[in-house]
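Structural features, examined
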Amino acid sequence: MNIIVAGGDGFCGWPTALYLSNKGHDVSILDNMVRRDIDNELHSNSITPIADLEERVAKWKELTGKEIRVYEGDLTHYDFVKQVLKLEQPDAFVHFAEQRSAPYSMIDLDHIVYTQTNNVVGNLNVIYGIKEVVPDCHLVKLGTMGEYGTPNIPIEEGYLEVEHKGRKDVLPFPKQPGSFYHLSKVHDSHNIMFACKIWGIRATDLNQGIVYGLDTEETKMDPVLANRLDYDGVFGTALNRFIIQSTIGHDLTVYGKGGQTRGFLSIKDTVRCIEIAAENPADRGEFRVFNQFTEDFSVQGLAEKVQKVAKEEGFNPEIAHLDNPRVELEDHFYAAENTKLKDLGLEPHLLDDEVIREILQTVVKHKDRVIEENVMPQVSWK
Ligand code: NAD
């Protein structure tokens with residue numbers, strides 16, 4: 001298949017592009033490199049040194065003979081999107097290219113507006129481009145489990161059968177997101193659902209859990225192919241952030257009580273889920289929703305897992321309960337469905353001590369790159 005990976009320079013996009021290329025798909029990457037600019041804005045960095053995208057794809061070609069074409073540009077510019085679609089005529093458009101940090105979206109009005117404009121307008125350009133240029137192309141869009149929030153009933157995969165005043169219908173599952181970033185994803189989902197209905201495009205919304213890990217078989221082939229790994233209070237996700245904190249003598253920063261429970265998955269499963277979605281496209285006019293996570297953990301539970309392995313590796317981290325900078329329930333019911341990707345063949349990589357140990361050992365090699373003051377939360381929701 002010809003597959004465009006938008007956001008292919010980022011944490012999920014880069015290993016996905018390599019994985020799909022390795023599987024024999026004809027892959028191109030579209031990215032405007034804004035994530036690297038945001039590192040400069042936040043005086044932050046990836047703990048792993050990451051090569052320029054040009055260097056990355058050149059190394060990939062040298063090692064495998066496979067070419068990944070690069071289009072550097074911004075999804076919010078429709079002429080650019082249309083041009084790339086015309087040139088590539090993709091079978092699938094994998095859309096990772098959004099501002100994805102909840103704290104970043106809560107910094108101030110400029111960051112709220114940037115996040116929602118970047119994400120919503122970029123996504124509108126993609127769906128309009130598909131309608132106009134490649135109507136048969138399957139949109140594989142990254143959403144988030146955070147779109148649902150934490151309702152007091154089990155979370156279904158996109159839709160809920162409701163009985164109301166004696167009548168029944170299957171309706172979109174209610175969305176109660178917890179940040180302006182998560183809201184941007186909800187807006188995207190609604191826009192895509194509407195586009196499927198009116199224009200008959202085909203789309204899969206992947207409501208992804210929090211991704212941990214950094215390596216896949218492909219990124220391990222050479223240091224130039226290394227994936228980025230974020231640890232700061234703005235972009236670092238739980239687990240990865242705890243592992244890095246444990247290696248630099250920092251407390252593991254659990255926000256509030258730590259009872260917040262979320263869906264998680266390994267980066268190794270992210271790449272496979274994208275392959276499954278791309279190879280099993282939605283029908284024309286179908287807006288399909290998969291919950292893309294493999295296990296759920298509480299934040300406190302994750303910190304305890306990391307603390308145990310870190311101790312075995314000779315570190316001695318404490319778990320600290322900070323005032324929660326977010327507005328969220330800290331003790332709540334959580335049960336979410338995740339059968340659709342497994343039904344299509346996903347065999348999850350589960351989180352065990354060895355997985356944590358492997359990430360921890362990689363981190364140790366680069367711990368001199370950690371900017372310690374970035375580890376604490378710096379953005380408040382209030
Ligand atoms: P990332 O920030 O590492 O990568 C996103 C990439 O998109 C970056 O390379 C960035 O430069 C690019 N980009 C952003 N806006 C763009 C635009 N307007 N035009 C072109 N390129 C643009 O993020 P990630 O962690 O790889 O996440 C990828 C996607 O997966 C996001 O949509 C995110 O919401 C979703 N997701 C991620 C996680 C996670 O734990 N990382 C969890 C759930 C969902």
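Residues numbered from 1 in each chain as written. Predicted model: local features only at pLDDT ≥ 70, side-chain atom pairs only at ≥ 80, totals over all residues. Heavy atoms only, no water.

As annotated in an unreviewed UniProt entry, the chain carries the name Sulfolipid biosynthesis protein and is attributed to Gracilibacillus halophilus YIM-C55.5. Quoted straight from UniProt, the Sequence similarities (unreviewed entry) entry for the chain says "Belongs to the NAD(P)-dependent epimerase/dehydratase family." (UniProt positions renumbered as here; feature names shortened; annotations may be inferred.)

Some details on the pattern of salt bridges
All chains considered together, the criterion is met by 28 salt bridges. Residue Arg 228 pairs with Asp 39 through a salt bridge whose shortest N-O separation is 3.0 Å. Here Arg 228, found in the loop between β9 (210-212) and α8 (240-247), pairs with Asp 39, found in helix α2 (residues 34-41); they are 189 residues apart in sequence, far enough to count as distant. For the pair Arg 228 and Asp 39, a shared accessibility class is recorded, and that class is buried. The salt bridge involving Glu 275 is made with Arg 272; its shortest N-O contact spans 2.8 Å. Within this pair, Glu 275 and its partner Arg 272 are both found in helix α9 (residues 267-279), separated by three residues, close to a single helical turn. With a relative accessible area of 25%, Arg 272 lands in the partly exposed category. When salt bridges that share partners are traced, they join Lys 308, Glu 312, Glu 313, Asp 353, Glu 354 and Arg 357 into one network. (Salt bridge = Lys/Arg side-chain N within 4 Å of Asp/Glu carboxyl O. Helix = DSSP H or I, 4+ residues; strand = E, 2+ residues; numbered from the N terminus. Buried < 20%, exposed > 50% of the residue type's maximum accessible area, 1.4 Å probe, protein only.)

Some remarks on the nonpolar core
Residues Ile 68 and Ile 274 are the most contacted members of the largest nonpolar core, which totals 35 residues. Elements that contribute at least two residues to this core include exactly β1 (2-6), α1 (13-22), β2 (26-31), α3 (53-64), β4 (92-95), β5 (138-144) and α9. The dominant element in this core, judged by the number of residues it contributes, is α9, at seven residues. Other than its neighbours up to four places away in sequence, Ile 68 contacts Ala 17, Leu 18, Ser 21, Val 27, Ser 28, Ile 29, Val 57 and Trp 60. One finds Ile 4, Tyr 148, Ile 192 and Ala 336 within the second-largest nonpolar core, a separate group that totals 32 residues. (Core = buried A, V, L, I, M, F, W, Y, C linked by side-chain atoms within 4.5 Å. Contact = heavy atoms within 4.5 Å.)

Considering the sheet that holds strand β12 (residues 287-292)
Taken together, the seven strands give an open sheet; going across it, the order is β3-β2-β1-β4-β5-β8-β12, and neighbouring strands pair in parallel fashion. Either end of the sheet is taken by a strand with one partner, and the two such strands are β3 (69-72) and β12. Taking the axes of each pair of neighbouring strands and ignoring which way they run, one obtains an average angle of 20° across the sheet. Sitting on the sheet, α9 is in contact with β1, β4, β5, β8 (202-208) and β12, with an inclination near 145° to β5. (Pairing = 2+ DSSP bridges. Axes fitted to C-alpha atoms, helices over the stretch in contact; angles between N-to-C directions.)

Here we look at the sheet that holds β9
Spatial ordering of the open sheet is given by β9-β11-β13, a layout of three strands whose pairing is mixed. Each edge of the open sheet carries a strand with a single partner, namely β9 and β13 (295-298). Ignoring strand direction, the axes of neighbouring strands in this sheet form an average angle of 45°. Pairing between strand β11 (residues 261-266) and β13: four bridges, direction antiparallel. Looking at β13, one finds that Arg 262 is bridged to Phe 297. Against the sheet, α9 touches β9 and β11, its axis set at about 75° to β11.

Here we look at the site of the ligand
The ligand sits among 28 residues. The nearest are Asp 31, Arg 100, Asn 118, Tyr 181 and Lys 185. Measuring from an oxygen atom of the ligand, one finds a backbone N or O atom of Arg 35 at 3.1 Å. Contact distances for the ligand include 2.7 Å between a nitrogen atom and a side-chain N or O atom of Asn 118. Protein chains shield 97% of the accessible area of the ligand, which is 830 Å² for the free molecule. Broken down by secondary-structure element, the contributors of at least two residues to the shell around the ligand are α2, β5, α7 (180-199) and β9. Tallied by class, residues from the shell around the ligand come to 11 nonpolar, nine polar and eight charged. (Near = heavy atom within 4 Å. Polar contact = N/O pair within 3.5 Å; in protein donor to acceptor, adjacent residues only side chain to side chain. Areas by Shrake-Rupley, 256 points an atom, 1.4 Å probe, with all protein chains shown as cover. Nonpolar A, V, L, I, M, F, W, Y, C, P; charged D, E, K, R; others polar.)

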